[in-house]
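Reading the structure
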Amino acid sequence: MQKLPLFGGLTVTPDEGGGKSQLFTVRLDQAPNRPEPVFLGLLINDRDSGAEACYLFAHVPTGRPRLVHDSGSGAREAMGKEVVPNRQCELHADGSAITRQGPVIEARFQVVFRPGFAGPKKLFVVAEDTSGTSTGIQMAGNFVVP
């Protein structure tokens, strides 16, 4: 994948803290005359790998969140009030959504961490279009899972 400042500025809130559960918000401040991404993602892990991670994506056109499988590839979409788990975390569809206001797109992910995923983690953000062109995984913060 190409690492490009393609879509605009990406951030996550909170960008530091800790807890057994958290509502994370990935925010894209879309740059003028830039394309809109199809996916906004949040990777929570002790390294920049989607394997054995809590790796979440929001599909921007449908507003539906997805949790990546333990292997780091493929994902399961969450709909309605569904809870989608992997070994590291659970994605609660009920608290997850995408909102837009002007050039700002926000993806919210309601996450509950599993006990075996405890310890210090890094928060990474990513945006990607349909062709796979991506911002690359960008370090955005730190989080401690008790």
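Refer to the structure presented above.
Here is what the cut-offs are and how they apply
Residues numbered from 1 in each chain as written. Predicted model: local features only at pLDDT ≥ 70, side-chain atom pairs only at ≥ 80, totals over all residues. Heavy atoms only, no water. Phe/Tyr/Trp six-rings, centres within 6.5 Å; stacked < 30°, edge-to-face > 60°. Buried < 20%, exposed > 50% of the residue type's maximum accessible area, 1.4 Å probe, protein only. Helix = DSSP H or I, 4+ residues; strand = E, 2+ residues; numbered from the N terminus. Lys NZ or Arg CZ within 6 Å of the ring centre and 35° of its normal.

**Points about the packing of aromatic side chains**
Across all of its chains, the model carries six aromatic pairs by this definition. Ring geometry for F113 against F117: centres 6.1 Å apart, planes inclined by 20 degrees, an arrangement best described as stacked. Each member of the pair, F113 as well as F117, carries the same accessibility label: buried. Look at F113 and F143: their rings are 5.7 Å apart centre to centre, the planes differ by 35 degrees, and that puts the pair in the tilted class. Of the two residues, F113 is situated in strand β9 (residues 104–113) and F143 in strand β11 (residues 138–145); the sequence distance between them amounts to 30 residues. Per residue, the accessibility class of F113 equals that of F143, and both read buried. Feature note: the residues F24, F113, F117 and F143 constitute an aromatic cluster, connected by ring pairs. Its end group placed over the ring of F117, K121 keeps NZ or CZ at 4.1 Å from the ring centre.

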